[in-house]
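Structural features, examined
This is what each chain is made of:
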Amino acid sequence: MRGIFEDELKKLHGKFTEMGINVSEAIYRASKSFIDHDKLLAQQVIDHDEQINEEEIKLEDQALMLIALQQPVATDFRRIIIVLKASSDLERIGDHAVGIARESIQLKGEHRIEEIENEIGEMTNNVRSMLEEVLDAYVKEDEMGAKKIASANQKIDEDYAEVREKTIKVMKQDSKVITGSASYLMVASYLERIGDHIGNIAEWVVYNETGHLAELTPDHHPEEK
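Attention in this report is confined to the structure presented alongside it. Not measured: the values here are computed from a predicted model. (Residues numbered from 1 in each chain as written. Predicted model: local features only at pLDDT ≥ 70, side-chain atom pairs only at ≥ 80, totals over all residues. Heavy atoms only, no water.)

1. Side note on the overall build of the protein
Across its full length, the protein carries seven helices and zero strands. Ordered by position in the sequence, the α and β elements of the protein form the string α-α-α-α-α-α-α. Taking 17 Å as the expected radius of gyration for a compact globule of 225 residues, we find that the protein reaches 19 Å, a close match to that expectation. Referenced to the eigenvectors of the C-alpha coordinate spread, the extents of the protein come out at roughly 65 × 35 × 25 Å. Counting across all 225 residues of the protein, residues that qualify as buried make up 48%. Within the protein, contacts between residues separated by at least 24 positions form 84% of all contacts whose residues are at least 6 apart in sequence. (Helix = DSSP H or I, 4+ residues; strand = E, 2+ residues; numbered from the N terminus. Rg over C-alpha atoms; globule rule 2.2 N^0.38 Å. Buried < 20%, exposed > 50% of the residue type's maximum accessible area, 1.4 Å probe, protein only. Contact = heavy atoms within 4.5 Å.)

2. Concerning the side chain of Glu117
Along the chain, the position of Glu117 falls in helix α4 (residues 114-140). On the accessibility criterion, Glu117 (9% relative accessible area) is buried.

3. Things to note about the pattern of salt bridges
Per the stated rule, a full pass over the model turns up 11 salt bridges. A salt bridge links Lys11 to Glu8, with the shortest nitrogen-to-oxygen separation between them at 3.4 Å. Remark: Glu8 and Lys11 occur in helix α1 (residues 2-35); sequence separation between them is three residues, near one turn of the helix. Residue Lys11 is classed as partly exposed on the basis of its relative accessible area of 48%. For Glu8, a relative accessible area of 27% puts it in the partly exposed group. For the salt bridge of Asp159 with Lys155, the shortest nitrogen-to-oxygen distance reads 2.7 Å. (Salt bridge = Lys/Arg side-chain N within 4 Å of Asp/Glu carboxyl O.)

4. Focus on helix α7 (residues 178-210)
Along an α-helix, residues three or four apart share an orientation, since each turn contains 3.6 residues. Taking 1.5 Å of rise per residue, the 33 residues of α7 would be expected to cover 48 Å, and the 48 Å separating its terminal C-alpha atoms lies within 8% of that figure. Looking one or two residues past α7, Gly211 carries a phi angle of roughly 80°, positive in sign. (Expected span 1.5 Å × (residues − 1).)

5. A look at the packing of aromatic side chains
In total, this model carries three aromatic pairs according to the counting rule given. The interplanar angle of 80° and the centroid separation of 5.9 Å between the aromatic rings of Phe34 and Tyr184 together place this pair among those described as edge-to-face. Pair noted here: Phe34 is in helix α1 and Tyr184 is in helix α7, with a separation of 150 residues, a long-range link. Between Trp204 and Tyr207, the aromatic rings sit 5.9 Å apart at their centres with planes inclined by 80°, giving edge-to-face as the arrangement. In this pair, Trp204 and Tyr207 are both assigned in helix α7, three residues apart and thus about one turn of the helix distant. We note Arg78 situated over the ring of Tyr207; from NZ or CZ to the ring centre the distance is 5.7 Å. (Phe/Tyr/Trp six-rings, centres within 6.5 Å; stacked < 30°, edge-to-face > 60°. Lys NZ or Arg CZ within 6 Å of the ring centre and 35° of its normal.)

6. Concerning unusual backbone geometry
We note that His37 has phi near 60°; this positive angle belongs to a residue other than glycine. Looking at the element boundaries, His37 is found in the loop between α1 and α2 (39-70). Of note, the phi angle at Glu141 is positive, near 50°, even though the residue is not glycine. Tracing the backbone shows Glu141 in the loop between α4 and α5 (143-147). Look at Glu141 and you get partly exposed, because its relative accessible area is 33%.

7. Topic: the environment of Leu9
Tracing the backbone through its elements, the reader meets Leu9 in helix α1. Sequence separation of Leu9 and Asp76 is 67 residues, and the distance between their C-alpha atoms is 9.1 Å. Ignoring any residue separated from it by four or fewer positions in sequence, one finds Leu9 in contact with Leu66, Arg79 and Ile80.

8. With respect to the packing of helix α3 (residues 74-106) against α7
Their axes nearest at 9 Å, the elements α3 and α7 cross at an angle of 170°. Of the possible angle classes, the one that applies to α3 and α7 is roughly antiparallel. In terms of residue class, the contact of α3 with α7 is built from 15 nonpolar, six polar and seven charged. (Axes fitted to C-alpha atoms, helices over the stretch in contact; angles between N-to-C directions. Parallel < 35°, antiparallel > 145°, perpendicular 65-115°, else oblique. Nonpolar A, V, L, I, M, F, W, Y, C, P; charged D, E, K, R; others polar.)

Here it is as structure tokens:
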């Protein structure tokens, strides 16, 4: 029976990792659609979100079935619950990618600011690196690797603050860029929130190893926890 449980739990972890890879791709495509003014790509991100939602539902069903059939002990039960919690954060990250894609479609005005768009592109790269690192820590049950996410998320917060400061400054100087610049603020905000959700996943990885839920990153958006 123990071997069956471990095999099923391994499958569950595999599904979670696959979902994480799909979410990472959604982040990339959403940000690219915004920077490239690609409304078709943005719509593809929106349409693909249904698949990510379905992946979360299947994960939940598989996890609950494992609990019902295998009757895990306390430590095993915790490992399953972590999958449920972390997959919920992945789903929320996917929602924020959709938010970026919608900004791409709704964006009006031809006055774009290359410097800020480059910084948004860099924020996207940093966020995706964070997500890859936390997925790796999850698979390896790497407590120290997960804790490193806290410093990476601090960098995302700093990037967001910098984009916000520069954008507001430009908006004050040139009224022609106000409409487009408002979208810069929204997209940077979505990326910052994605960083927070990745921080949440890191906390679940640490909890899996220690049994204690420690806050690794400040909670800027408590309504989305």
